[in-house]
Amino acid sequence: MIQRFLAAIFILATAAALIVAAWPQLFSLEQTVGAAQVVSMRGLSAAAAFVAVLALTLIALLSARMHRFAASLAVVALAFSALTLVVLATRGFGSPGFETKAEGDVTVLSWNTLGDAPGAQAIADLALENDADIVSLPETTRELGFEVAQLMAAADRPMWVHTLAYDQISKSRSTTVLISVALGEYDVDLQARTTSTLPSVVAIPQDPANPTIVAVHAVAPVRGEMTNWRTDLDWLAEQCRGSNVILAGDFNSTLDHYASLTDGADFALGSCTDAASATDNAAIGTWPTQLPSLLGAPIDHVMSTSEWTTTGMRVIESHDGFGSDHRPILATLSRTQ
């Protein structure tokens, strides 16, 4: 009798934990330790739960003593896996199509380079191949940014280079953004504190008709940085409450983490829409490259305020072997009519 009682308690506790893991925002837990990390990896969690279903089903079939217990846990795990897959399906498993780039459109490329790892040539080639107007490069030094710009200028694609570095010791504490000369000149306050631990570059246009550009690098939600991570998300939401703003980079967060920070159902963060969500690509993982994209975390984003409409977006999986642990992402934005 006691064993049955304890088994029932364990099953209920497991079910409760999986409900939180599947939709932590229901309980306002999406930014808490544990839930924040698990919900980032929805694809991996669904796959792990399905493996557990198979193992528990086998135990239920082979063990008369464990039959009910294992079968009950299998049902719970199957429900979690199915619910998680439904959420991922609504966000989109990939739609790489692009409309033809029109005059006035802006193409945004973002790539966390893991401290300059891919090298200038690979970055420049990718930017040139995709006619990028904005190239957001978290964990990229000023020196490499200038090398990329020189290569692009040689290909008749001149770019301004702006870098904000919190120190000169760790490359991860530098963020660089390249902006097409065709978008006009931009100013950056190199003394400004943006995101807390890792820098984000805020580039203000001299021509107010052009967008403010934020090259994002929020800190990861790891031990010792949870408070800073939440502060970073708050800061990003505030940038998204401005006007005519484009943000791109490593947000170290997914759509699940923004439940308390969105200004409405049509927005992802603040008053920004997410390019991946708008194009059915929001379930495609951008980190880490060691995992298949459907198992990874979609933590790199291009977001924009209502002055811009996403006409195309894709996660670039062809560069997984170029040294970074992040996949590049590409989006094309058109001015909203």
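Look above for the structure.
Right, let's walk through the structure included here. Predicted model only: the values in this text are computed from it and were never measured.

**Description of the state of the cysteines**
Cysteine pairs can be linked by a disulfide, which is a covalent bond between their two sulfur atoms. What the rule picks out here adds up to one disulfide. The side chain of Cys240 participates in a disulfide bridge whose partner is Cys272; the two sulfur atoms lie 2.2 Å from each other. Its S-S torsion of approximately -100° makes the covalent link between Cys240 and Cys272 left-handed. Here Cys272 lies in the loop between β8 (245-250) and β9 (273-274) and Cys240 lies in the loop between α7 (226-239) and β8, a separation of 32 residues in the sequence. Of the two residues examined, Cys240 and Cys272, each falls in the buried class.

**Points about the pattern of salt bridges**
In this structure the tally under the stated criterion is eleven salt bridges. For Asp256, the salt bridge is made with Arg91, and the minimal N-O distance between the two is 2.8 Å. Pair noted here: Asp256 is in the loop between β8 and β9 and Arg91 is in helix α4 (residues 67-91), with a separation of 165 residues, a long-range link. We classify Asp256 as buried; its relative accessible area is 1%. Residue classification places Arg91 among the buried positions, given a relative accessible area of 15%. A salt bridge links Arg157 to Asp131; its shortest N-O distance comes to 3.2 Å. Within this pair, whereas Arg157 is found in the loop between α6 (142-154) and β3 (159-165), its partner Asp131 is found in the loop between α5 (120-129) and β2 (134-138), the two being separated by 26 residues in sequence.

**Here we look at the nonpolar core**
With 49 residues, the main nonpolar core has Val108, Ile134, Leu236, Leu247, Phe251, Leu269 and Val302 as its most contacted residues. Contact partners of Leu269, with chain neighbours within four places excluded, come to Leu233, Leu236, Ala237, Cys240, Phe251, Tyr258, Leu261, Thr262 and Met303. Core analysis: the next-biggest nonpolar cluster, separate from the first, contains 19 residues, Leu109, Trp111, Leu126 and Met152 among them.

**Comments concerning the pairing of strand β12 (residues 329-335)**
Burial analysis of β12 places six of its seven residues in the buried class, which makes it a mostly covered element. The pairing of strand β1 (residues 106-110) with β12 spans five bridges and is antiparallel. The residue of β12 that forms the bridge with Thr107 is Thr332. Bridge count for strand β11 (residues 308-315) against β12 is seven bridges, and the pairing is antiparallel.

**Some thoughts on the packing of helix α3 (residues 42-62) against α4**
When two helices pack together, their arrangement is given by the angle between their axes and by how far apart the axes lie. Between α3 and α4, whose axes approach to 8 Å, the crossing angle comes to 155°. As judged from the angle between their axes, α3 and α4 are roughly antiparallel. Where α3 crosses over α4, the two elements pack in a sense that is left-handed. A class-by-class count of the residues in the contact of α3 with α4 yields 17 nonpolar, six polar and two charged.

**Concerning the side chain of Asn112**
Looking at the element boundaries, Asn112 is found in the loop between β1 and α5. Looking at Asn112, its side chain comes within polar contact range of the main-chain nitrogen of Leu114, at 3.0 Å. Those residues in contact with Asn112 that sit more than four places away from it in its chain are Pro138, Glu139, His217, Asp250, Asp300, Ser324 and His326.

**Details of the sheet that holds strand β7 (residues 212-217)**
The strand order β5-β6-β7-β8-β10-β9 describes an open sheet built from six strands, whose pairing is mixed. In this open sheet, the two edge strands, each paired with only one partner strand, are β5 (186-187) and β9. Both strand β6 (residues 201-205) and β7 contribute to a ladder of three bridges, which runs antiparallel. From the neighbouring strand, Ala203 faces β7, where its bridge partner is Ile213.

**Looking at the packing of helix α1 (residues 2-22) against α4**
As a packed pair, α1 and α4 sit with axes 10 Å apart at the nearest point and diverge in direction by 5°. Looking at the two axes, α1 sits roughly parallel to α4. Of the residues in α4, those touching α1 at Ala7, Phe10, Ile11, Thr14, Ala15, Leu18, Ala21 and Ala22 are Phe69, Ser72, Leu73, Val76, Ala77, Phe80 and Leu83. Partitioning the contact of α1 with α4 into residue classes produces 13 nonpolar, two polar and no charged.

**Overview of the packing of aromatic side chains**
Two measures describe an aromatic ring pair: the distance that separates the ring centres and the angle between the ring planes. For the coordinates displayed, the defined rule picks out one aromatic pair. Aromatic pair Phe10 and Phe69: ring centres 5.8 Å apart, planes at 40°, arrangement tilted. Taken together, the positions of Phe10 in helix α1 and Phe69 in helix α4 put the pair 59 residues apart, joining distant regions of the chain. Above the ring of Tyr166, the side-chain terminus of Arg193 is found at 3.8 Å from the ring centroid.

**Things to note about the side chain of Ser180**
Take Ser180: it is sitting in strand β4 (residues 174-180). Residue Ser180 is classed as buried on the basis of its relative accessible area of 2%. Other than its neighbours up to four places away in sequence, Ser180 contacts Asp133, Arg157, Pro158, Met159 and Trp160.

Thresholds applied
Residues numbered from 1 in each chain as written. Predicted model: local features only at pLDDT ≥ 70, side-chain atom pairs only at ≥ 80, totals over all residues. Heavy atoms only, no water. Disulfide = S-S within 2.5 Å. Helix = DSSP H or I, 4+ residues; strand = E, 2+ residues; numbered from the N terminus. Buried < 20%, exposed > 50% of the residue type's maximum accessible area, 1.4 Å probe, protein only. Salt bridge = Lys/Arg side-chain N within 4 Å of Asp/Glu carboxyl O. Core = buried A, V, L, I, M, F, W, Y, C linked by side-chain atoms within 4.5 Å. Contact = heavy atoms within 4.5 Å. Pairing = 2+ DSSP bridges. Axes fitted to C-alpha atoms, helices over the stretch in contact; angles between N-to-C directions. Parallel < 35°, antiparallel > 145°, perpendicular 65-115°, else oblique. Left-handed = near helix turned anticlockwise from the far one by under 90°. Nonpolar A, V, L, I, M, F, W, Y, C, P; charged D, E, K, R; others polar. Polar contact = N/O pair within 3.5 Å; in protein donor to acceptor, adjacent residues only side chain to side chain. Phe/Tyr/Trp six-rings, centres within 6.5 Å; stacked < 30°, edge-to-face > 60°. Lys NZ or Arg CZ within 6 Å of the ring centre and 35° of its normal.

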